[in-house]
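# Close look at the chain arrangement
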Amino acid sequence: MEYLLIGIFLILIVGFVISYNKLVALKEQVVNSEKEISIQLDRRGKIFDNLINMVKKSMDYEKTTLKEVVELRNKIINLDSIQNKNEKKELENKLSELIASGSLNSSINMTMEAYPDLKANNNMLHFQEEIVTTENKLSYAKQAYNASIEEYNATKGGMPYNFIVSKFPKLDETFNYWKISEEKIKEEEEKRVSFD
Amino acid sequence: MSYISYKKVIQKNREKTYIVLGIYLFIYTFLGLLVDIILHDQGGFLSTFKELITFKVFPIFTLSLLLFGFLSILISIKLFSKIQLSGEEYVEIKENNSEYKYLYNILEELKISARMKYMPKLYIIKADYMNAFASGWNEKNTLIAITTGLLEKLNRQEISAVIGHELTHIRNEDIKLTLVIGVTTNLMLFVVDWIVLMFLNGESEGAKKAKTILFIMHFLLPLLTVVLQMWLSRSREYMADSGSVELIRDPSAMASALRKISGDYKENKYNDQNITRKAAYIFESGDSIFSTHPSIKNRIKKLIG
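This structure is a prediction, so every number in the text was calculated from the model and none was measured. (Residues numbered from 1 in each chain as written. Chains lettered and ligands numbered in written order. Predicted model: local features only at pLDDT ≥ 70, side-chain atom pairs only at ≥ 80, totals over all residues. Heavy atoms only, no water.)

### Section: the overall build of chain A
Under the convention used in this document: Strands here mean DSSP runs of E at least two residues long; helices mean DSSP runs of H or I at least four residues long; both are numbered from the N terminus. We compute the radius of gyration from the C-alpha atoms alone; for a globule the expected value is 2.2 Å times N to the 0.38, where N is the number of residues. To sort residues, take the accessible area from a 1.4 Å probe on protein chains only and compare it with the maximum for the residue type: under 20% means buried, over 50% means exposed, and anything in between is partly exposed. Contact between two residues is taken to exist if any of their heavy atoms lie within 4.5 Å; hydrogens are not considered. Residue-level accessible areas treat just the shown protein chains as cover; the underlying method is Shrake-Rupley with a 1.4 Å probe. Charge assignment in this entry is limited to Lys and Arg as positive and Asp and Glu as negative, and neither His nor the chain termini are counted. To locate a charge, take atom NZ for lysine, CZ for arginine, CG for aspartate or CD for glutamate.
On a plain count of helices and strands, chain A comes out with eight helices and zero strands. Against the globule reference of 16 Å for 196 residues, chain A gives a C-alpha radius of gyration of 24 Å, more extended than a compact globule. Dimensions along the principal axes, computed over C-alpha positions, put chain A at roughly 90 × 40 × 30 Å. Scored against the burial criterion, the 196 residues of chain A give a buried share of 37%. In chain A, the proportion of contacts linking residues at least 24 apart, taken out of those at least 6 apart, comes to 73%. When the accessible surface of chain A is split by element, carbon and sulfur atoms take 57% of a total near 12,500 Å². With 27 positive and 31 negative side-chain charges, chain A shows a spacing of 3 Å between the two charge centroids.

Right, dumping it as structure tokens:
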């Protein structure tokens, strides 16, 4: 009889340890995925700075979409502080929109046609692919971040994890999903309704 | 089809996998016990069976068989990757490769989406047929190979879907699964082979009954294992398709890639290629219980309804 009790007790201890560790691991995964977003944003920043530098020498980029890119990049660089996290996020999202609209791509195409010495430049040829892949990586990083939050929240809310979390509150953290702001969503919806 | 439905597909197929693994372990152990009954050669069938299970009689053959199976799997792991790439002209694509940089980029994109720690090795196979496969035992030494035929005919999004499919095979540990089941099947078939049965003779009632069952298994087992393996393989293929969508959030890309691949195979007659790789490919023609892959029609239906 005593052996049975000891057995049950051991199973409970092992179960507890496994669950506790799983929560820690999931929480860490969320923190890590968020860093991946920063890495990709950094990368994108560097690529654009390179693009602008390369183009500046050959042409007056003021007449193209690159002008907007330069303005956005300058704002983002000057904003680099923790207080302006939301503002910075909105600007980065604006840059993503610019890329998604395709106007940047056509600007680069036109630039390459009009300036043969740029076209011959190997780095310039690779830029479009670099922009596409960096934008994809950024999207996937956001996606992965949201997925890890989902996994963490779903696990945390279930049994027996919710019980463990109530006894160890530092395992409990609220993360916000990466998404565009409410005003932005309204703006997008309104765009589609108008026929202008 | 929504993102959540893909999770359901994955869950259902995971359950199927456990069922098949359970059946395998059961048959494997059961075979061992049958041989032990013959070797013990005393008493009735059920009584000896009970004695073996409770260890009153030491089930030496069963335990040796389990140990041997375990060791065989370990050895196969070492040799596995070398076999997969053999027989073709293949080139490794590294980060600094300029011609196929876009392919390396796609793989890196999906690595981020899949939250993987290590970057799989990337190879291209110079061949006209369209196909891709993944191989490797653990996270640190995985590889993905794609034919140039596929790269030429699919667009960027479709290639992403194909790579997503292969990465999912890696994440789901399908390669491990295929290996374990393959080795176990071969060992099981060996036990019921004529040569072994010749040496197993017993006088007791238990031994005679056990031998009869082994005899029946000799005919039944090959068919059973093939059907089970193929069922499992098709199930994992659906999972890989769903996993690809989970990674790139675009079901139409995978569907259109499959259409292009199957169309290409209809138009051209290709000679294969490495038979050991068959289950690892993204595509195999044919649509029966003996097929490693589900039919293209069914795969597309599961993706976009």
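Read on, since the account is not over.
### Quick notes on the environment of Ser252(B)
You can see Ser252(B) is positioned in helix H10 (residues 251-267). Exposure remark for Ser252(B): the relative accessible area of 42% places this residue in the partly exposed category.

### Looking at the sheet that holds strand S4 (residues 142-147) of chain B
Residues and elements named next belong to chain B. Applied cut-off: Should DSSP find at least two bridges between two strands, the strands are regarded as paired. Axis lines are fitted through C-alpha atoms, for helices just across the contact stretch, and the angle between N-to-C directions can take any value from 0 to 180 degrees.
Strand order in this open sheet of four strands is S1-S2-S4-S3, and the pairing throughout is mixed. The outermost strands of the open sheet, each flanked by one partner alone, are strand S1 (90-92) and strand S3 (132-136). Taken pair by pair, the neighbouring strands of this sheet meet at an average axis angle of 25°, ignoring direction. Direction of pairing for strand S2 (residues 121-125) relative to S4: parallel, over a ladder of five bridges. Residue Ile124 lies in a different strand from S4, and its bridge partner there is Ile146.

### Notes on the pairing of S4(B)
Residue and element names in this part refer to chain B. Most of S4 is tucked away, with six of its six residues classed as buried. Burial along S4 is two-sided: the residues Thr142, Ile144 and Ile146 and Leu143, Ala145 and Thr147 are all buried. Of the strand pairs in this sheet, S3 and S4 are connected by five bridges, and their pairing is antiparallel. Paired with Ala134 across the two strands is Ile144, which belongs to S4. Taking the residues between adjacent antiparallel strands as the criterion, S3 and S4 are bridged by five residues.

### Section: helix H7 (residues 174-191) of chain B
For the record, the criterion: Here the expected length of a helix is defined as 1.5 Å per residue gap, with one fewer gap than residues.
Between the first and last C-alpha of H7(B) there are 26 Å, a value that for 18 residues agrees with the 26 Å anticipated at 1.5 Å per step. Within H7(B), burial applies to Asp174(B), Ile175(B), Leu177(B), Leu179(B), Ile181(B), Gly182(B), Val183(B), Thr184(B), Thr185(B), Leu187(B), Met188(B) and Val191(B).

### What to know about the pattern of salt bridges
Operational definition: What makes a salt bridge here is a side-chain nitrogen of Lys or Arg within 4 Å of a carboxyl oxygen of Asp or Glu, nothing more.
All chains considered together, the criterion is met by 18 salt bridges over all chains. Across the salt bridge formed by Lys209(B) and Glu205(B), the nearest N and O atoms sit 2.5 Å from each other. One end of the pair, Lys209(B), and the other, Glu205(B), are both in helix H9 (residues 205-248), four residues apart, so they sit about a helical turn from each other. One network of salt bridges, in which partners are shared, links Arg43(A), Glu130(A) and Lys101(B).

### Some thoughts on a nonpolar patch on the surface
All names here are of chain B. For clarity, the cut-off: Two joining distances apply to patches: 9 Å for like charges and 5 Å for nonpolar side chains (Val, Leu, Ile, Met, Phe, Trp, Tyr), and every residue must have over 30% relative accessible area and no salt bridge.
A contiguous nonpolar surface patch, about 580 Å² in accessible area, is contributed by Leu25, Phe55, Phe58, Ile60, Leu63 and Leu66. It is helix H3 (residues 60-84) that provides the largest number of residues to the nonpolar patch, a total of three residues. For Leu66, the location among the structural elements is in helix H3. Here Leu66 falls in the partly exposed class, since its relative accessible area comes to 35%.

### What about the pairing of S2(B)?
All names here are of chain B. For S2, the tally of buried residues reaches four of five residues, placing the bulk of the element in the interior. When S1 meets S2, the two strands line up antiparallel, connected through three bridges. When the bridges of S2 are listed, Glu92 appears paired with Tyr123.

### Observations concerning the packing of aromatic side chains
Residues and elements named next belong to chain B. Rules: Aromatic pairs are defined between Phe, Tyr and Trp rings, using the six-membered ring for Trp, whenever the two ring centres lie within 6.5 Å; interplanar angles under 30 degrees are classed as stacked, those over 60 as edge-to-face, and all others as tilted.
Taken as a whole, this structure holds 11 aromatic pairs over all chains when the rule is applied. Here the aromatic rings of Phe26 and Phe30 are separated by 6.0 Å at their centres, their planes lie at 10°, and the arrangement is stacked. In this pair, Phe26 and Phe30 both sit in helix H1 (residues 3-40), four residues apart, roughly one turn of the helix. Ring centres of Tyr90 and Tyr123 lie 5.5 Å apart, and the angle between their planes is 80°; this geometry places the pair in the edge-to-face category. Residue Tyr90 is located in strand S1, and its partner Tyr123 is located in strand S2; the two are separated by 33 residues in the primary sequence. Residue Tyr90 is classed as partly exposed on the basis of its relative accessible area, which comes to 39%. Using a relative accessible area of 11% as the deciding quantity, one classes Tyr123 as buried.

### Structural notes on the side chain of Ser72(B)
All names here are of chain B. By the secondary structure assignment, Ser72 is in helix H3. Overall, the relative accessible area of 17% leaves Ser72 in the buried class. Excluding residues within four positions of it along the chain, Ser72 makes contact with Val183 and Leu187.

None of the figures reported here should be taken as evidence of function without further support.
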